[in-house]
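Coordinate analysis (summary)
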Amino acid sequence: MTHRRRRRLAQAVVAVVVAGLAVGLVLLFGPRALVMSGFTGERGTVAVDECAHEVESGPRGCRGQFTPDGALAPVTRVSVADAHGIGEGQHVTVYREGTLANQREVWRLVLLLSALLICVVALVVFAVSIGLQAVRRQPWRTWEALGRGFATALGVGVPVLVLAVVLYLVG
């Protein structure tokens, strides 16, 4: 095998591996973003009975009994993040996935999906650039392909991140 064929094969392998990473990111973090923002899971109500008093970073955690919609009695005890100033004794509509319950929040969904979008677009553009170099029989231009990938990703992802911030401030 000649040097040029080895280079083309290596470029093709790198392109396929990077594209596989992009697919893996979507399969791993896409459903998690939906769960964390309350767009999947079993709908119900949490009767909050205890909340942490002081938390330095992140939202305060609360716990309570989860009752699914249509059920008469609580099913399980769950944790719910206090993103909206909930307190003990309140009933909050949530979507449960396991022992975690999340309130439905569009801004969080947009924020998580925009971060995922930035990563995936960067990887896909990089993979396509390296793949095209292999097809066109061009030498390695890794830094050029990386720059193109991240510039495109930031150009697409930053406006979506701004939208997430606006939704958070408005909501």
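Okay, so let's go over this structure. What you are looking at is a predicted structure, and each value in this text was computed from that prediction instead of being measured.

**Focus on the pairing of strand S1 (residues 42–51)**
Successive side chains on a regular strand alternate, one facing one side of the sheet and the next facing the other. Across six bridges, the pairing between S1 and strand S4 (residues 91–97) is antiparallel. Bridging across to S4, Val-46 finds its partner in Val-92. Here seven bridges tie S1 to strand S2 (residues 60–68), and the two strands are oriented antiparallel to one another. Residue Cys-51 lies in a different strand from S2, and its bridge partner there is Cys-62.

**Concerning the nonpolar core**
Among the nonpolar cores identified, the biggest contains eleven residues, and these are Val-46, Val-48, Cys-51, Cys-62, Phe-66, Val-78, Val-80, Ile-86, Val-92, Val-94 and Ala-101. Elements that contribute at least two residues to this core include exactly S1, S2, strand S3 (76–82) and S4. With three residues, the single largest contributor to this core is S1. When near neighbours in sequence (up to four residues on either side) are disregarded, Val-80 contacts Arg-60, Gly-61, Cys-62, Ile-86, Val-94 and Ala-101. Counting residues in hydrophobic clusters, the runner-up holds six residues, among them Ala-15, Ala-127, Ile-130 and Ala-145.

**What to know about the packing of helix H2 (residues 106–135) against helix H3 (residues 142–170)**
For the pair H2 and H3, the least separation of the axes is 8 Å and the interaxial angle reads 165°. Overall, the two elements H2 and H3 adopt an arrangement that is roughly antiparallel. Of the two elements, H2 crosses H3, and the hand of that crossing is right-handed. A breakdown of the residues in the contact of H2 with H3 according to their chemical character gives 24 nonpolar, seven polar and one charged.

**Let's talk about the side chain of Ser-129**
Tracing the backbone through its elements, the reader meets Ser-129 in helix H2. With relative accessibility at 7%, the residue Ser-129 sits in the buried group. A distance of 3.0 Å separates the side chain of Ser-129 from the side chain of Arg-148, its partner in a polar contact. Those residues in contact with Ser-129 that lie beyond four places of it in its chain are Ala-145 and Arg-148.

What counts and how
Here, residues in each chain are numbered from 1, in the same order as that chain's written sequence. At least 70 in pLDDT is required for a residue's local features to be given in this predicted model, at least 80 for side-chain atom pairs to be given and counted, and no such filter applies to totals for whole chains, interfaces and linings, which use all residues. Note: side-chain values were computed over all heavy atoms of the structure, leaving out hydrogens and water. Strand pairing requires that DSSP identify at least two bridges connecting the strands. Note on conventions: DSSP H or I runs of at least 4 residues are helices, E runs of at least 2 residues are strands, and numbering of each starts at the N terminus. Take the buried Ala, Val, Leu, Ile, Met, Phe, Trp, Tyr and Cys residues and link them wherever side-chain atoms come within 4.5 Å; each set so joined is a nonpolar core. Three exposure classes are used, based on accessible area relative to the maximum for each residue type with a 1.4 Å probe and protein chains only: buried under 20%, partly exposed in between, and exposed over 50%. Contacts: residue pairs with any heavy atoms within 4.5 Å of one another. Angles shown run from 0 to 180 degrees and are taken between the N-to-C directions of axes, each axis being a line fitted to C-alpha atoms and, for helices, limited to the stretch in contact. Reported orientations rely on four angle classes, namely roughly parallel under 35 degrees, roughly antiparallel over 145, roughly perpendicular from 65 to 115, and oblique for the rest. Crossings are sorted by hand: turned counterclockwise from the far helix by less than a right angle, the near helix makes the crossing left-handed, and turned clockwise it makes it right-handed. Only Asp, Glu, Lys and Arg are considered charged in this grouping, and only Ala, Val, Leu, Ile, Met, Phe, Trp, Tyr, Cys and Pro are considered nonpolar; every other residue, Gly among them, is considered polar. Two N or O atoms form a polar contact when they lie within 3.5 Å of each other; inside protein one atom must be a possible hydrogen donor and the other a possible acceptor, and for residues adjacent in sequence the pair counts only when both atoms belong to side chains.

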